[in-house]
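# Structural overview
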Amino acid sequence: MIDKNVLNSQQQLAVDTTEGPLLILAGAGSGKTKTLTNRIAHLIHDKKVDPFNILAITFTNKAAGEMRDRVCAMVGEGGERIWVTTFHSTCMRILRRHIDRLGYDINFTVYDSDDQKTVMKNVCKKLNIDTKSYKEKTLLNAISGAKDNLITAAEYSLETFGDFTKIVIARAYKEYQDQLKKSNAVDFDDIIMLTVQLFKENPEILEFYQDRFKYISVDEYQDTNKAQFELIRLLADKYRNLCVVGDDDQSIYKFRGANIRNILDFEEFYPDAKVIKLEQNYRSTQTILDAANAVIANNRSRKSKRLWTAEGAGHKIRFMQLDNAYEEADTIVDEISTSVRRDGCSYNDFAVLYRTNAQARLIEERLVIRGIPYNVVGGTNFYARAEIKDMIAYLKTIENGLDEVALRRIINVPKRSIGTATIDKLLDFAEITDDSLYGAMQNADNISGLGKASLKIGAFVKLIEGRRAEISKIGIAETLKKIIEETDYYEYLKDQDEESADDRISNVDELVNKAVAYEETAEDPSLTGFLEEVALVSDIDNIDNGDGRVLLMTLHSAKGLEFPRVFIAGMEDGLFPGMTTISSGDNEDMEEERRLAYVGITRAKEYLTITCAKMRMLRGETQFNPVSRFVREIPGELIDGMVPGNRLSRSDFDEDDYERRYSSGRPSARLKSYATPEARKPAMQSEIKNLNAIAGLSKGMPAANPGELSFKTGDTVRHRKFGTGVVTSISKEPRDYKVTVDFDAYGTKIMYASFAKLEKV
DNA sequence: TTTTACTTCGTTTTT
DNA sequence: CGAAGTAAAA
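Read on for a plain summary of the structure. (Residues numbered from 1 in each chain as written. Chains lettered and ligands numbered in written order. Predicted model: local features only at pLDDT ≥ 70, side-chain atom pairs only at ≥ 80, totals over all residues. Heavy atoms only, no water.)

## Regarding helix 19 (residues 420-433)
An ideal rise of 1.5 Å per residue puts 20 Å on 14 residues; helix 19 measures up with 20 Å between its terminal C-alpha atoms. For helix 19, the elements touching its buried residues are helix 18 (404-410), helix 20 (437-442) and helix 21 (453-474). Within two residues after helix 19, Asp434 carries a phi angle of roughly 55°, on the positive side. (Helix = DSSP H or I, 4+ residues; strand = E, 2+ residues; numbered from the N terminus. Expected span 1.5 Å × (residues − 1). Contact = heavy atoms within 4.5 Å.)

And the structure:
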């Protein structure tokens, strides 16, 4: 590794090229962040550009944060005045000030994909769209694609060309958009598209921001879509000081609307653009780079680039084909623990990458058995959890009473006797009076036929109004606490599901903590700001690898990261590249998969191990997959281990042996979602214990056999919460007794004996 | 209204 | 195979 402060000639050239359009083609590990930060420092120090006039856009909050820190460290005073943000936060800031020009209220809320689905369900119901033939997700994808390409609902309906599917989409699009607007809400795609629309319709606003952002840089440019391109094009149009940095070989988000042509056609759009290639790699060994180069060379639509390093060849790439996915997981984990013992490296030197999240499971299991600390990156988002969404919905309702998705989520949660019938009456009234649902609730006294429900509605409105009135005084965290208290939310969680209540309560507590943290750190804390952060920040931004854990993640999540030792698991034709990509025969899709392989390979600094399985269970089907074509594209001399090219068949396996070892009596790890991997571990541990017990690995495990109960059918028992009741039946399960109890006060409940802690009375 | 039984359907997803 | 969602039943 060279001196952090010394730039190579190409990097220096990029730093010095401050005026006019500039395309930096930065290969993996070529020090592009360093170049970008130095370039900004150069603008401020040497070119005397006011930091106020600089805009640096990245894709993730994490990248933005890192760059902000590095820029601040370099330029010192004034550095914090640079806008270093994501596309979405940039646009949010602009929309917060001007969205009234587009007919929205300034306190609009943001809908996540969950909310979008809720809206789309309503849309389909209202328009009588058969969700069997047109799934919500498909419709939303189509709409999202349209928005990425700046096509409005009206425009879409003009371009259906009689295609029935498109006509349906057009209708859904229009209604969906109407509902969002009625709720004074925007979705992620709107955030970009509406900003572009705002600029196009209001030249004076555009010019204000053009004058503000005289120097613009965009990172990960290969992942921009048309709307994002249009946005920066507009912003840069006056001064034309636009610097984009990207690597066409790392464009892996086409399915989300990223347009690789943005980078490939940059020079056509800006004929005076300067192009600088950063090809010297400071991350990986030459062997790893050679492999990456060889693989990506099979792609046709790309700008030619060849990574090289001044460092040595390093170790060969290891390749192992295992019999099945269990062996694969076992081998990987074994390698990790052996390396740690032998080489004295630490767990956080390792990352295991895979194509699909589902692959994490088996590897996780093995890691738990070995007691190796790990973290699974991605998966379920903290803010997507039901209990968190409930709390957020309360806050959203306080912020924006028009937000119908939020309101309907909590209108009867916890139960307050405002059922569907009542809601329908309210909606009818709202329709007639051209008011919102919340507006109707405020007028509940004037609506006939609500009966007792109007009292309940009044209480709910009072709750919301009360919080709304004092939130600016007492703050967000306190407001949350009051909501929890007033609604008796924790009790509600316990009622819902005794078993998961503790986890969920700690999740909610965690949200309160986040609110506290937000109020302490934000320069101008507000409910608006908090909700925005919640909507725009995912917890993937919080991965740090300083705590000695092996990281497990998808290849997509790994982009932008690096690790001394990398495993890429499941490199099989049929899994990576996936079956759909192979059978579609679409070369563009295949090239995207190949770029993903390229991203994976280039994450490794010193060691790269590639594994695959001959036999793998996929979607309940046993598959026999050949070694991935991407592995076969790596020159043999770089690989330690033989790469078989032949197709595998069933006869290659001793199926009886397989059954005996991996299938019989094997309980599937029924893991629920937990807030953190830590929270999930106890459940895993007991799962594994059972697994071992059944596999006979450790004998006499009492957990597998519930033993005897202190009561029998007909006995009266006491439950901590439900009081006393009569046992009506007991059934024996592999691991526990399932007891049915008819409680005096709570009716009949079925529960597991080990959880319910029933006492004979 | 709540629980249970059955069907359906599957990549990746920075915001 | 399993999650998630839906229909049916209690």
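Now that the structure has been shown, we can carry on.
## With respect to the sheet that holds strand 2 (residues 54-58)
Spatially, six strands are ordered 3-2-6-7-1-8 in an open sheet, and the strand pairing comes out parallel. Of all the strands in the sheet, just strand 3 (83-86) and strand 8 (274-278) have a single pairing partner and so form its edges. Across the sheet, the mean angle separating the axes of adjacent strands is 15° when strand polarity is ignored. When strand 2 meets strand 6 (residues 215-218), the two strands line up parallel, connected through four bridges. For Ile57, the partnering residue across the bridge sits in strand 6 and is Val218. Running at roughly 110° to strand 3, helix 4 (residues 87-98) makes contact with strand 2, strand 3 and strand 6 of the sheet. Packing against the sheet, helix 11 (residues 226-236) makes contact with strand 2, strand 6 and strand 7 (242-246), and its axis sits at approximately 160° to strand 6. (Pairing = 2+ DSSP bridges. Axes fitted to C-alpha atoms, helices over the stretch in contact; angles between N-to-C directions.)

## Concerning the protein's contact with DNA strand B
Taken together, 26 residues are adjacent to DNA strand B, and Asn61, Arg256, Arg355, Ser538 and Asp541 come closest. When atoms of DNA strand B within 4 Å of the protein are split into backbone and base, the sugar-phosphate part holds 48%. Within the side chain of Thr554, an N or O atom sits 2.8 Å from a phosphate oxygen of DNA strand B. Separating a phosphate oxygen of DNA strand B from a side-chain N or O atom of Ser557 is a distance of 3.5 Å. (Near = heavy atom within 4 Å. Polar contact = N/O pair within 3.5 Å; in protein donor to acceptor, adjacent residues only side chain to side chain.)

## Observations concerning the pairing of strand 3
Neither face of strand 3 is exposed, since Trp83 and Thr85 on one face and Val84 and Thr86 on the opposite face are all buried. For the crossover from strand 2 across helix 3 (residues 61-75) to strand 3, the handedness is right-handed. (Buried < 20%, exposed > 50% of the residue type's maximum accessible area, 1.4 Å probe, protein only. Right-handed = clockwise from strand over helix to strand, strands pointing away.)

## What to know about the layout of surface pockets
Taken as a whole, the second largest pocket holds about 1,600 Å³ of empty space. Forming the walls of the second largest pocket are 39 residues, and the residues nearest its centre are Arg68, Arg93, Tyr518, Ala522 and Glu533. Sorting the residues of the lining of the second largest pocket by element identifies helix 3, strand 3, helix 4, helix 24 (498-521) and helix 25 (527-536) as the ones contributing at least two each. For the lining of the second largest pocket, the class distribution of residues is 13 nonpolar, 12 polar and 14 charged. (1 Å grid on protein atoms, 1.4 Å probe; cavity = no way out; pocket = protein on both sides within 12 Å on 5 of 7 lines; lining within 4 Å. Points joined across faces, edges and corners; volume = space filled by probe spheres on them. Nonpolar A, V, L, I, M, F, W, Y, C, P; charged D, E, K, R; others polar.)

## Quick word on the packing of aromatic side chains
A full pass over the atoms with the stated rule returns 16 aromatic pairs. With a centroid separation of 5.9 Å and an interplanar angle of 50°, the aromatic rings of Phe199 and Tyr209 are classed as tilted. Taken together, the residues Phe199 in helix 9 (residues 188-201) and Tyr209 in helix 10 (residues 203-212) connect sequence positions 10 residues apart. The class for Tyr209 is buried, based on a relative accessible area of 2%. Through a chain of ring-to-ring contacts, the aromatic side chains of Trp83, Phe199, Phe208, Tyr209 and Phe213 assemble into a single cluster. Seen from the ring of Phe108, Arg96 lies directly overhead, with NZ or CZ sitting 4.1 Å from the centre. (Phe/Tyr/Trp six-rings, centres within 6.5 Å; stacked < 30°, edge-to-face > 60°. Lys NZ or Arg CZ within 6 Å of the ring centre and 35° of its normal.)

## Concerning the nonpolar core
Burial of nonpolar side chains together is a common tendency in soluble globular proteins. Met120, Leu139, Phe199 and Val218 are the most contacted members of the largest nonpolar core, which has 71 residues in total. Excluding residues within four positions of it along the chain, Met120 makes contact with Glu136, Leu139, Leu140, Ile143, Ala172 and Tyr176. In terms of nonpolar packing, the next biggest core, distinct from the first, is built from 50 residues, Ile447, Ile476, Ile484 and Tyr518 among them. (Core = buried A, V, L, I, M, F, W, Y, C linked by side-chain atoms within 4.5 Å.)

## Quick look at a positive patch on the surface
Judged by side-chain charge, Lys117, Lys121, Lys135 and Lys137 come together as a positively charged surface patch. Within the secondary structure, Lys117 is located in helix 5 (residues 113-127). (Patch = residues over 30% accessible without salt bridge, like charges linked within 9 Å, V, L, I, M, F, W, Y side chains within 5 Å. Areas by Shrake-Rupley, 256 points an atom, 1.4 Å probe, with all protein chains shown as cover. Salt bridge = Lys/Arg side-chain N within 4 Å of Asp/Glu carboxyl O. Lys, Arg positive; Asp, Glu negative; His and termini not counted. Charge placed at Lys NZ, Arg CZ, Asp CG, Glu CD.)

## Observations concerning empty space enclosed by the protein
Per the stated rule, a full pass over the model turns up two cavities of 30 Å³ or more. Roughly 60 Å³ of internal volume is contained in the largest cavity. Contributing to the lining of the largest cavity are Tyr111, Asp115, Lys389, Ile392, Ala393, Lys396, Asp403, Val405, Ala406 and Arg409. Of all the secondary structure elements, the ones that give two or more residues to the lining of the largest cavity are helix 17 (386-399) and helix 18. With four residues, the top contributor of residues to the lining of the largest cavity is helix 17. Considering only residue class, the lining of the largest cavity consists of five nonpolar, no polar and five charged. Quantified by volume, the second largest cavity comes out at close to 50 Å³.

## Brief notes about unusual backbone geometry
Here the bond from Val413 into Pro414 is cis, since omega is -10°, no more than 30 degrees from zero. Relative to the helices and strands, Pro414 is located in the loop between helix 18 and helix 19. Cis geometry is adopted by the peptide bond preceding Pro577, which originates at Phe576 and carries an omega value of 5°. Phi angles above zero are rare outside glycine, and Lys48 is one such case at about 55°. Assignment of secondary structure puts Lys48 in the loop between helix 2 (32-45) and strand 2. Residue classification places Lys48 among the exposed positions, given a relative accessible area of 66%. The phi dihedral of Asn128 falls on the positive side, at around 55°, and the residue is not glycine. Turning to its location among the elements, Asn128 is positioned in the loop between helix 5 and helix 6 (136-148). Here Asn128 falls in the exposed class, since its relative accessible area comes to 70%.

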